[in-house]
Amino acid sequence: MADTKREIERKFEFTQAKPARHGVPDLTGTAAIAAVRDQGTVDLDAVYYDTPDQRLAADGLTLRRRTGGPDAGWHLKLPVSPGVRDEIGAELGDTVPRPLAALVRSRVRGAPLEPQIRILSSRRVSHLLDAEGTLLAELSTDTVRAERGEATATWTEVEVELADGVGPELLDEVEKTFRKAGLEVSASPSKLARALAETGTAPAARPGGEGSAAGSRSDAGSGAGPGSDAGSDGTAGAYVLAYLRAQRDTLVSQDPAVRRGLPDSVHRMRVACRRLRSAFKTYRTVLDRDATDPIGEELRWLATELGVDRDQEVLLDRIQTHLDALPSPLLHGPVHARLHTWNATRRTESRRRVTAALDSPRHLALLDSLDALLDAPPLRKAARGRPRRVLPKAVLRDRRRLADRIGAALALAEGPERDLALHEARKAAKRARYAAEAAVPALGKPAKRLAKAMKSVQSLLGEHQDGVVARDALHGLARQADGAGESAFTWGVLYAREEALAARAEQDLPRVWETAGDPRLGSALRR
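Residues numbered from 1 in each chain as written. Predicted model: local features only at pLDDT ≥ 70, side-chain atom pairs only at ≥ 80, totals over all residues. Heavy atoms only, no water.

**With respect to the packing of aromatic side chains**
- Within the structure shown, the criterion is met by 2 aromatic pairs.
- Taking the centre distance of 4.8 Å and the plane angle of 90° together, the rings of F12 and F178 count as edge-to-face. Of the two residues, F12 sits in strand β1 (residues 4–14) while F178 sits in helix α4 (residues 169–180), which places them 166 residues apart along the sequence. Across this residue pair, the class does not change: F12 and F178 are buried. (Phe/Tyr/Trp six-rings, centres within 6.5 Å; stacked < 30°, edge-to-face > 60°. Helix = DSSP H or I, 4+ residues; strand = E, 2+ residues; numbered from the N terminus. Buried < 20%, exposed > 50% of the residue type's maximum accessible area, 1.4 Å probe, protein only.)

Here's what the structure looks like:
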């Protein structure tokens, strides 16, 4: 696979007041642009691939095989945010390269990738340079012809793509200059989108799906209200389904990010699994658990596979941070090298497991099951009720469940049994938090305040559990060091520190819970 390129660009089109024959205005003097240097004209021939029902186009992705120009080959473009895409390339060949096919697998599933449309472009390229001759951006004027069967479309568009390290402010200044000359920002985010629209083959937006900004969603923490879900009727069921769709979309959009190893992608995907499972259980009066429980078990499997890699990432960061904080007299032996070797071995296996899980038929079957559930949701009687009657009951039921688990844990003596009980309380805190977050669009600030309170409990219990896991890892590192004839002193120091941090978390828990368990938070939710 070729290098990934972050593409930051803005497309413009000629208006009736400024027809294409009048040309592009000179940008010399705009912002830091000191010169515009012509690079000649190149002919490009691109065939775009998609499923027969155009699933990639519906989510704002483009997959093409292009000849001509300096970067001939296969290109997959993944949306990051409006005007920003990651372009991933592969060498020219007759079939879709396997690495690119893997990145669209969560969208394509078992459907074939076939040629959908051909776009021919005659591109005149200019470089926009600053006073030192440094490249700021590339200006392209494309005369375009799209062909799909007997249908054709032609137009001219102008594109400005920033060079690496150049801020988007340049695009804003270019846009001002263009507007004065009668060019406006294109209504279509890409050539493909315009080609499909003008040949009458644009895909319908997937109900409750991601749309063109799918990849830009960093997380679907608070869900979405019915206003974002076509056909919503404002019932409790509509709010719950909107939240579930947001989590499903996160699973789909984070799949390629996880495969690419992007920061926090495993965590986001794993959290989406947890939020879905929690919502199935919390809102069991809304959705029939006979239908949701089997899917919940598959979500638990996926979260477990993802967790191996994520937990190792968190564990390494924790140990490394505490190790870096130690004064040099407490560093005995090659501790940094030992930690690096230990992590490399575990991380290689965890990445293998994540990739195997995403490539498995079981993962695709899970995504298909979620789609089927959301297309024909198994709604119960409460789903037709008013959100302010149905949702608070479910949220407060989860908070009571958390209270019971905290009480049971604190009643135990210090030791492994209490550690396990506090871990179970942490799981309950997550569920209570997710329940409140899902209710925010319907219940507003009271649900948001409750979610924040539950998060504070979750964070404290998470700190405790991370310490329990870290102690186990430090014990193993000490044994490895001792077996290699190295000093185990430093690992013992870190172990003792983790014990102290865990004890502090246990001491703080009653105070934190007193705030989170304030009856006024529940009363506000019922109003």
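**Section: the packing of helix α11 (residues 387–410) against helix α12 (residues 416–443)**
- Between α11 and α12, the shortest axis-to-axis distance is 8 Å and the interhelical angle comes to 165°. Overall, the two elements α11 and α12 adopt an arrangement that is roughly antiparallel. Our pair here, α11 against α12, has a crossing hand that is left-handed. (Axes fitted to C-alpha atoms, helices over the stretch in contact; angles between N-to-C directions. Parallel < 35°, antiparallel > 145°, perpendicular 65-115°, else oblique. Left-handed = near helix turned anticlockwise from the far one by under 90°.)

**Focus: a positive patch on the surface**
- On the surface, K445, K448, R449 and R527 cluster together into a positively charged patch.
- Of note, K448 is situated in helix α13 (residues 445–483). (Patch = residues over 30% accessible without salt bridge, like charges linked within 9 Å, V, L, I, M, F, W, Y side chains within 5 Å. Areas by Shrake-Rupley, 256 points an atom, 1.4 Å probe, with all protein chains shown as cover. Salt bridge = Lys/Arg side-chain N within 4 Å of Asp/Glu carboxyl O. Lys, Arg positive; Asp, Glu negative; His and termini not counted. Charge placed at Lys NZ, Arg CZ, Asp CG, Glu CD.)

**Some thoughts on helix α7 (residues 265–282)**
- Given a rise of 1.5 Å per residue, 18 residues ought to cover 26 Å, and the 25 Å separating the end C-alpha atoms of α7 matches this to within 8%.
- By the criterion of burial, α7 is predominantly enclosed, with 14 of the 18 residues buried. (Expected span 1.5 Å × (residues − 1).)

**What to know about the nonpolar core**
- Core analysis: the biggest nonpolar cluster contains 71 residues, and L244, L251, Y283, L299, L302, L391 and V457 have the highest contact counts within it.
- Here this core gets 13 residues from one element, more than from any other, and that element is α12.
- Setting aside anything within four residues of it in sequence, one finds V457 in contact with L402, I406, A429, L509, V512, W513 and A516.
- Within the second largest apolar cluster, 16 residues are counted, among which are I33, L136, L139 and V174. (Core = buried A, V, L, I, M, F, W, Y, C linked by side-chain atoms within 4.5 Å. Contact = heavy atoms within 4.5 Å.)

**Quick word on the environment of P115**
- Along the chain, P115 falls in strand β6 (residues 114–129).
- When neighbours within four sequence positions are excluded, P115 is seen to be in contact with V47, Y48 and Y49.

**Some thoughts on the pairing of strand β3 (residues 62–67)**
- As judged from the 5 bridges shared by strand β2 (residues 35–50) and β3, these two strands associate in the antiparallel manner. Within β3, the position partnered with Y49 by the bridge is L63.
- With 5 bridges joining them, β3 and strand β4 (residues 73–81) adopt antiparallel strand pairing. Paired with T62 across the strands is K77, a residue of β4.
- Where β3 folds back onto β4 in an antiparallel hairpin, the turn is made up of 5 residues, including G68, whose phi is positive at roughly 90°. (Pairing = 2+ DSSP bridges.)

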